[in-house]
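Reading the structure
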Amino acid sequence: MKKFLLMLAICAVTYVSGQQPGSGDEWKKIYRSVPAKINDLVHTKLDAKFDYSKSYLNGKVWITLKPHFYATDSLQLDAKGMNIHKVALSKAGKNIRLSYTYDSSSLYIKLDRTYQCDEKYTIYIDYTAMPDEHKAEGSAAITDAKGMYFINPKGEDKKKPTQIWTQGETEANSVWIPTIDRTNQKTTQEFSLTVPSKYVTLSNGKLITQKKNTDGTRTDSWVMELPHSPYLFFIGVGDYAVIKDSYKGKEVNYYVEKSFEKVARKIFGYTPEMIKFFSEKVTGIDYPWVKYSQIVGRDYVSGAMENTTATLHQESAQQNARQLVDGNSWENTIAHELFHQWFGDYVTAESWSNLTVNESFADYSQLLWLEYKYGADEAGFENFSGMQSYLSNPSSRTKDLVRFYYNDKEDMFDQVSYQKGGRILHMLRNYVGDDAFFKSLNKYLTTNKFGNGSGHKLRLAFEEVTGKDLNWFFNQWYFGSGHPKLEISYGYDTATQSAKVYIKQTQPGDKLFKLPVAIDLYHGSSKKRYTVWAENKADTFSFASSVKPDLINVDAEKILLAEKKDTKTLAEYIHQYNYAGKYQDRRDAIEFAAKNISNPLAYQLVEKALSDPYFRIRARAIGNFGTAKLTPGTISKIEMITKNDDHTITRAFAIDALAKLKNNAYSDFFIQSTKDSSYSVAGAALEALSILDEKKAYTIATELSKEDNKGRLLTAITNVIVKTGDESAFDFITNKFDEMPLSQAKFAAINSLAEFLGKVTNYDKFRKGVDMIVKFRDEIPESARTQTDPYINGMILKGLADKKAAAGSKDMADYIQSKLTADKK
């Protein structure tokens, strides 16, 4: 699962720092064990028909099971919110009715006799699933939990396609199919799906047959011959274009809405190369499944989901050709979900407590792919970004990576399981070395294939390969919480000709971390590497050096998951930029220079970084001059970037910098750049023009609003219209907001919508706009709303109400207050 809605809560932390979700502390006493296995799933056969008028699935399912070990005469299945019509034992071609009880959540079946552990039996169930009538709370990663979603089933919304898709994680597939909905169950499957003939279908495994029916429907039969967990079951139905690709003769297909057919390969086209890379370079296990398809679902409740052989993506994956000029924003997600086919599907976490062996690996796969495809700098950026994401959330610091105590299984989908876990794997790889790391992954996957994994099993695989006792590492990082805070300082003893490094651990509490630390000593361009262990409250390390080093670079590989306070001087940071070379080395250097920009040497370093080989460092440098007066030489370099840089993001940053100069000489250039093929460049240019000529920018924004623009250009158009226009733009502003999927981008757009509503005088329009904000707020799951509500209610809605009250619009202020009061109830 690649989660995006979690970021909404992360953004809101700024406004409610320290506030935690609360439902009492009773959960802290509940040990979340691996689910007991009384019966084992063996095979699941489904015959499904869909009632679009009611959003129902009418199903017949044959479930083959066997006792796990102990003999049993009963069976408990998960079956949520269904109508159960018949339960029987399927035997010798006959259905023998069985007695059962049902409580709308679980189906308790009395078997015809006692079965031993080597005896299989098949249960037949005739049922109706009613997912829209089932209410279940999701998480910050997954906004809903009704399992099956009928999108525009009656075709009433002419702007939206009719689709069906399913979302099983964590335990929601049992809303539409009876099963034992646990990660430690594995089953093969046959799904026969009867749908209107105009639609295509997608499910796990391979499409075996398609049969046309006399009533205008078609029955597609999908067979999954290898076992996987029930939460990975998938059904997708809709009017899709199917773009066919392949890997070693296996189908690799992309299901997209037909308007995106021409760009589908530009979005998903690296998939075969990714499969090859993950198979050959990372896992040593060739892609284990019969096919790999990816499908895009409207109104999807998360970012993406790794259903075995059939990954589902949010509609944001569908980018038009102009969006792709700025780069494929979905490439990381494509890699993330694909890697789950090994870590998550081939070997599945034995319980949600061990989610790390699914999600931490998928998170880390993004770095592995970027490193392979684009080089060390892009991998360094990914590692730095993941680390900062984890460090930015104080609540993450108290959570173990493997967590046997949690309030709800949905709580496991957080920055600890994802970003922190990814950084821990990066440290482990650095510690054992690449060859041992990748061989250990192979050992773990091979040992547990088509079964279940855990933190302990992962440790055992690494220990068997490396011959090292890794309990200290796993106890510290997997079964412990937090991270070190390090204060790093330096000294040089002329008498003994020794360089000193002082490392203090300053994190609160008594816990001390055991850290292998790489330290590089530089004399000019010459470097010598030392590896030391920091494991005390304060450690001192001495290194022979005939003269004081030009630079001592602690954590030279930039892999430690830690908050670091370093005492290097400007001269040392300049040396670090010039010789240390890694992304974070250069970034840290120009960040330090930015804080000291009045120093000519600091200014020179930032200016030098405008020519850095990595575009993200160039972009960072552009914004690091702060309030310094730019020299003609610097301005000339930035002007060149706006026109010649290979990366549109860097060009956009450069336009932002020129805008701050408020030089009317740039007006024609900004006007021309609003037509750039890059949304980022065009958006930056429109915003820059608005600083010089609001009237002209508004005219251009009004014209551009008639087109279907995306990304930064759409944001710029909206901002200019909100700032300069009047309520005649109401339909444009509200329609664009309403069309956005539940996402971080929509969260960011709330502020502009609220600012615009401040200008609206028509009461009915004002109510409609407020209702849109409230609807968005209420679509966010409770687990995230504890952090987003204070921002939306307290800053956005309350701020708008105060503004309207001050302007004498008491009716509008009262309307907002009614929504705030209703929310409290």
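What you see is a predicted model, and the numbers here were worked out from it, not measured in a lab.

Regarding its fold elements, the protein chain presents 26 helices and 29 strands. The C-alpha atoms of the protein chain give a radius of gyration of 29 Å, which matches the 28 Å a tight globule of 825 residues would have. For the protein chain, the spread of C-alpha atoms along the principal axes amounts to about 90 × 70 × 55 Å. Here the protein chain holds 825 residues, and 56% of them are scored as buried. For the protein chain, the share of sequence-separated contacts (at least 6 apart) that also reach a separation of at least 24 residues comes to 69%. Of the roughly 33,600 Å² that the protein chain leaves accessible, carbon and sulfur atoms contribute 49%. The distance from the centre of the 109 positive side-chain charges to the centre of the 102 negative ones in the protein chain is 1 Å.

Glancing now at helix α5 (residues 331–340). Where burial is concerned, most of α5 is hidden: 10 out of the 10 residues are buried. What α5 keeps buried is the set Glu331, Asn332, Thr333, Ile334, Ala335, His336, Glu337, Leu338, Phe339 and His340.

Viewed as axis vectors pointing N to C, helix α13 (residues 583–595) and helix α15 (residues 615–622) meet at an angle of 5°, and their least axial separation amounts to 10 Å. Taken together, the axes of α13 and α15 are roughly parallel relative to one another. Of α15, the residues touching α13 (which contributes Tyr583, Arg586, Arg587, Ile590 and Glu591) are Ile617, Arg620 and Ala621. Among the residues forming the contact of α13 with α15, the class breakdown is four nonpolar, no polar and four charged.

Okay, the side chain of Lys558 next. If you trace the backbone, Lys558 turns up in the loop between β28 (551–554) and β29 (563–566). A polar contact is formed between the side chain of Lys558 and the side chain of Asn553, at a distance of 2.9 Å. Excluding residues within four positions of it along the chain, Lys558 makes contact with Asn383, Asn553, Lys564, Gln584, Asp585 and Asp588.

Further remarks concern empty space enclosed by the protein. This structure, assessed with the given rule, holds one cavity of 30 Å³ or more. Of the pockets and cavities examined, the largest cavity occupies roughly 70 Å³. Lining the largest cavity we find Met427, Asn430, Tyr431, Trp472, Phe473, Gln476, Trp477, Lys514, Leu515, Pro516, Ile559 and Leu560. Among the elements that line the lining of the largest cavity, the one with the most residues is helix α11 (residues 471–477), at four residues. Here the lining of the largest cavity is composed, by residue class, of nine nonpolar, two polar and one charged.

Considering the arrangement of structural elements, one finds Thr648 in helix α17 (residues 648–659). Residue classification places Thr648 among the buried positions, given a relative accessible area of 11%. Beyond its immediate sequence surroundings of up to four residues, Thr648 is in contact with Val325, Asp326, Ser678 and Val681.

With respect to topology, three strands assemble into an open sheet ordered β26-β25-β28, the strand pairing being antiparallel. Whereas interior strands pair on both sides, the edge strands pair on one side only; in this sheet they are β26 (526–534) and β28. On average, each strand axis in the sheet is tilted by 20° relative to the strand beside it, whichever way the strands run. With nine bridges joining them, strand β25 (residues 515–523) and β26 adopt antiparallel strand pairing. By the bridge assignment, Pro516 is partnered in β26 with Trp533. Docked against the sheet, helix α12 (residues 570–580) engages β25 and β28, running at close to 70° with respect to β28.

A low pLDDT score tells you not to read the predicted coordinates there in detail. Confidence in the prediction of the protein chain, expressed as mean pLDDT, is 94, and 96% of residues score 70 or more. Across residues 9–22 the pLDDT falls below 50, and counting only partners more than four positions away or on other chains, this stretch makes 25 contacts in the model.

Moving on, we get to the pattern of salt bridges. All told, the structure shown has 51 salt bridges when counted by the stated rule. Across the salt bridge formed by Arg651 and Asp676, the nearest N and O atoms sit 2.7 Å from each other. With a gap of 25 residues between them, Arg651 in helix α17 and Asp676 in the loop between α18 (667–673) and α19 (679–692) connect regions that are remote in the sequence. Both residues of the pair, Arg651 and Asp676, belong to the buried class. For Lys710, the salt bridge goes to Asp708, with nearest N and O atoms at 3.6 Å. Asp708 gets classed as partly exposed once you look at its relative accessible area, which sits at 48%. Several salt bridges converge on common partners, so that one network encompasses Asp520, Lys527, Arg529, Glu557 and Lys582.

Attention shifts here to the packing of aromatic side chains. Each aromatic ring pair is characterised by the separation of its centres together with the angle its planes make. Taken as a whole and assessed by the stated rule, the structure comprises 55 aromatic pairs. Judged by centre distance (6.2 Å) and plane angle (40°), the ring pair of Tyr52 and Tyr199 falls under tilted. You can see Tyr52 sitting in the loop between β1 (39–51) and β2 (56–67) and its partner Tyr199 sitting in the loop between β11 (187–196) and β12 (200–203), a full 147 residues away along the chain. Judged by relative accessible area, Tyr52 falls into the buried class, the value being 14%. Pairing Trp477 with Phe513 gives two aromatic rings, centres 5.2 Å apart and planes at 40°, and the pair type is tilted.

Okay, α15 next. For α15, the tally of buried residues reaches six of eight residues, placing the bulk of the element in the interior. Listed in full, the buried residues belonging to α15 are Phe615, Ile617, Arg618, Ala619, Ala621 and Ile622. Looking at the buried positions of α15, the neighbouring elements they touch are α7 (376–391), α13, α14 (600–609), α16 (632–644) and α17.

Mapped onto the secondary structure, Ser351 falls in the loop between β21 (347–349) and α6 (356–374). As a C-alpha pair, Ser351 and Lys558 span 207 residues in sequence and 32 Å in three-dimensional space. Apart from the residues lying within four places of it in its own chain, the contact partners of Ser351 are Ser33, Val34, Pro35 and Thr183.

We now examine the nonpolar core. For soluble globular proteins, nonpolar side chains are generally found buried alongside one another. Counting 90 residues, the largest nonpolar core has Phe278, Tyr478 and Val501 as its most contacted members. The element contributing the most residues to this core is α6, with seven residues. Filtering out sequence-adjacent residues up to four positions away, Phe278 remains in contact with Thr283, Gly284, Ala335, Leu338, Phe339, Trp342, Ser365 and Trp369. Tyr583, Ala701, Ala784 and Tyr791 belong to the second-largest nonpolar core, a separate cluster that totals 84 residues.

Turning to the sheet that holds strand β7 (residues 106–115), a few remarks are in order. Here three strands make up an open sheet; going across it, the order is β3-β7-β6 and the pairing antiparallel. In this open sheet, the two strands that pair with only one neighbour each are β3 (72–78) and β6 (100–102). Pairwise comparison of adjacent strand axes, ignoring direction, gives a mean angle of 20° for this sheet. Across three bridges, β6 lies against β7 in antiparallel orientation. For Tyr100, the partnering residue across the bridge sits in β7 and is Ile109.

A word on the pairing of β11. Counting buried residues along β11, eight of its 10 residues qualify, which places the element largely inside the surrounding structure. Sheet analysis places β1 next to β11, joined by seven bridges and oriented parallel. Bridged to Lys45 within β11 is Glu190. Of the strand pairs in this sheet, β11 and strand β14 (residues 217–228) are connected by nine bridges, and their pairing is antiparallel. Looking across to β14, one finds that Val195 is bridged to Arg218.

Conventions and cut-offs
Residues numbered from 1 in each chain as written. Predicted model: local features only at pLDDT ≥ 70, side-chain atom pairs only at ≥ 80, totals over all residues. Heavy atoms only, no water. Helix = DSSP H or I, 4+ residues; strand = E, 2+ residues; numbered from the N terminus. Rg over C-alpha atoms; globule rule 2.2 N^0.38 Å. Buried < 20%, exposed > 50% of the residue type's maximum accessible area, 1.4 Å probe, protein only. Contact = heavy atoms within 4.5 Å. Areas by Shrake-Rupley, 256 points an atom, 1.4 Å probe, with all protein chains shown as cover. Lys, Arg positive; Asp, Glu negative; His and termini not counted. Charge placed at Lys NZ, Arg CZ, Asp CG, Glu CD. Axes fitted to C-alpha atoms, helices over the stretch in contact; angles between N-to-C directions. Parallel < 35°, antiparallel > 145°, perpendicular 65-115°, else oblique. Nonpolar A, V, L, I, M, F, W, Y, C, P; charged D, E, K, R; others polar. Polar contact = N/O pair within 3.5 Å; in protein donor to acceptor, adjacent residues only side chain to side chain. 1 Å grid on protein atoms, 1.4 Å probe; cavity = no way out; pocket = protein on both sides within 12 Å on 5 of 7 lines; lining within 4 Å. Points joined across faces, edges and corners; volume = space filled by probe spheres on them. Pairing = 2+ DSSP bridges. pLDDT = per-residue confidence, 0-100. Salt bridge = Lys/Arg side-chain N within 4 Å of Asp/Glu carboxyl O. Phe/Tyr/Trp six-rings, centres within 6.5 Å; stacked < 30°, edge-to-face > 60°. Core = buried A, V, L, I, M, F, W, Y, C linked by side-chain atoms within 4.5 Å.

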